[in-house]
Amino acid sequence: MPAVRPSLSRPGADPARRRLLGALLAVPALATGGLTGCRAEVVDGVTDGPIELSVFWYGTARRAQATERALRLYSARNPRVTFRVTWQGGAGYYDRIATQAAGGNVPDLFQLDDTMLTEYAQRAIALDLGPYVADGRLDLRGLPPGLADYGTVDGRPVGVPAAQTHPVVVYNRDLLRRLGMPVPTIMPWAEYLDWAARVTRASGGRVAGTMDPSGDQRALWLWLRGQGGKFYQGRQLGFDSAALVDWFELWQRARLNRATPAAILVDRADSGDPARQLVVTGHTAASFAWSHQLPELQRHTDDELGLAGFPGPAAAQWDQASMYWAAFRGTRHPGVVADVLSFLTTNVEVGRVLGIERGLPADLAVREAVTQALDDPAAKRVAALGTTLDDLVGPAPAPPPKGHGRVRTLLAASARTIRSGDAGVRATTSKFMAQAQAALAA
């Protein structure tokens, strides 16, 4: 695994940051226990030698290139600190971290999403960043309050948002223009499904209006919040069987009205692969995605894609992190790791290097500097929608509890069962409720 080495010229060195890092390195070592299977957490010991931090994330080669450049910027300002980097695609990423955790060999700094945030905090894998936020070594003051809150588990900040994103409707603007149909806006679910059915009719049935998100926990969560409900209540589901029956029946009616495509197409697109999304393969006029995925989706089609907020009230949304940076509780250099996290979050030059590949920069000052310099039309549309939603979103819920990953899988499987006709809505719902509650209780 190659190390990211500092630039010899050290452009733009920051003396204040070097003094801070020197102070961090001079703190006497303190050992603490309580981490089963991991080495004891210690603060940075007295040393004049080099420090190498291991960093692990998932994503594309484009993300890897940008992240390595950002880490080199830190090393240029702090020559004693270098990074050993590893990255991979999303498949198998958490399995690999689980293996590392079993051996007490988790990277000093790693990426995760809200599916695993609570579990890693409660299993004492992720470092409690509260002390570093409290004393200013980790500066999160420039983040939207809801975004910072969504990285907090049991009152302790354990994840630093790497970027902010929004659940969105991605639509094919050119296709809708050819069909003489209006583009979607933020509208009630019933109106959105009526729009989708009209798109299907306008195309003569060649294109469906919208993707079917009945197995998408993101869509269900926003639909529940739009009705004043919750996805979770503590470590239990926050909705009952009746609510889930209503959700599945909503999409059964959409299928009958031909607002959505054939089940086999929906199943194929459920993989999450941008190249398979039905809005870029030409099978639907609109689909559901995260806003920061628009530039990648745009690369798979010659038609111009647009963005709209999810159906339902905008207040059902909240400031969501696309993913987090977390630190290993057993790192030997927690203070330095906290300083790296602060640098990745608040440095404008880093923000320009990272761009919006993970989403809009979490820090608002960095975001403004980055978005003002965007020249890619798709990236500009991402930034514009973010600005539109800024003052409309509601309060952030607690991050999902342990077991959320299993609940997501069960919901997707239940939706496939209903779409295929293998079982009815009520029987499938009953099975889901029992299995999901068991997963959350495990």
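Residues numbered from 1 in each chain as written. Predicted model: local features only at pLDDT ≥ 70, side-chain atom pairs only at ≥ 80, totals over all residues. Heavy atoms only, no water.

Asks: Outline the pattern of salt bridges, listing residues and values.
Replies: Across all of its chains, the model carries 18 salt bridges by this definition. The shortest N-O distance in the salt bridge between Glu304 and Arg173 comes to 3.3 Å. With Glu304 in the loop between α13 (294-298) and β15 (305-309) and Arg173 in helix α7 (residues 173-179), the pair connects residues that are 131 residues apart, well separated along the chain. Arg198 serves as the salt-bridge partner of Asp194, at 3.2 Å between the closest nitrogen and oxygen. Pair noted here: Asp194 and Arg198 are both in helix α8 (residues 189-202), with a separation of four residues, about one helical turn. A relative accessible area of 42% means that Asp194 is categorised as partly exposed. (Salt bridge = Lys/Arg side-chain N within 4 Å of Asp/Glu carboxyl O. Helix = DSSP H or I, 4+ residues; strand = E, 2+ residues; numbered from the N terminus. Buried < 20%, exposed > 50% of the residue type's maximum accessible area, 1.4 Å probe, protein only.)

Asks: Lay out the pairing of strand β14 (residues 284-290) with the relevant residues and their values.
Replies: Of all seven residues in β14, six are buried, a share of seventy percent or more. When strand β10 (residues 167-172) meets β14, the two strands line up antiparallel, connected through five bridges. Opposite Val170, over in β14, you have Ser287 as the bridge partner. Where strand β11 (residues 208-210) and β14 come together, two bridges link them in parallel fashion. Paired with Ala208 across the two strands is Thr284, which belongs to β14. (Pairing = 2+ DSSP bridges.)

Asks: A description of empty space enclosed by the protein should follow, citing residues and the corresponding values.
Replies: Using a probe with the size of a water molecule, rolled over the atoms, empty space left in the structure can be pinpointed. All chains considered together, the criterion is met by one cavity of 30 Å³ or more. The space that makes up the largest cavity amounts to roughly 200 Å³. Together, 20 residues line the largest cavity, and Ala162, Ala163, Leu344, Leu354 and Pro361 are the ones closest to its centre. Of all the secondary structure elements, the ones that give two or more residues to the lining of the largest cavity are α2 (61-77), β9 (160-165), α14 (334-346) and α15 (348-354). A per-class count over the lining of the largest cavity returns twelve nonpolar, four polar and four charged. (1 Å grid on protein atoms, 1.4 Å probe; cavity = no way out; pocket = protein on both sides within 12 Å on 5 of 7 lines; lining within 4 Å. Points joined across faces, edges and corners; volume = space filled by probe spheres on them. Nonpolar A, V, L, I, M, F, W, Y, C, P; charged D, E, K, R; others polar.)

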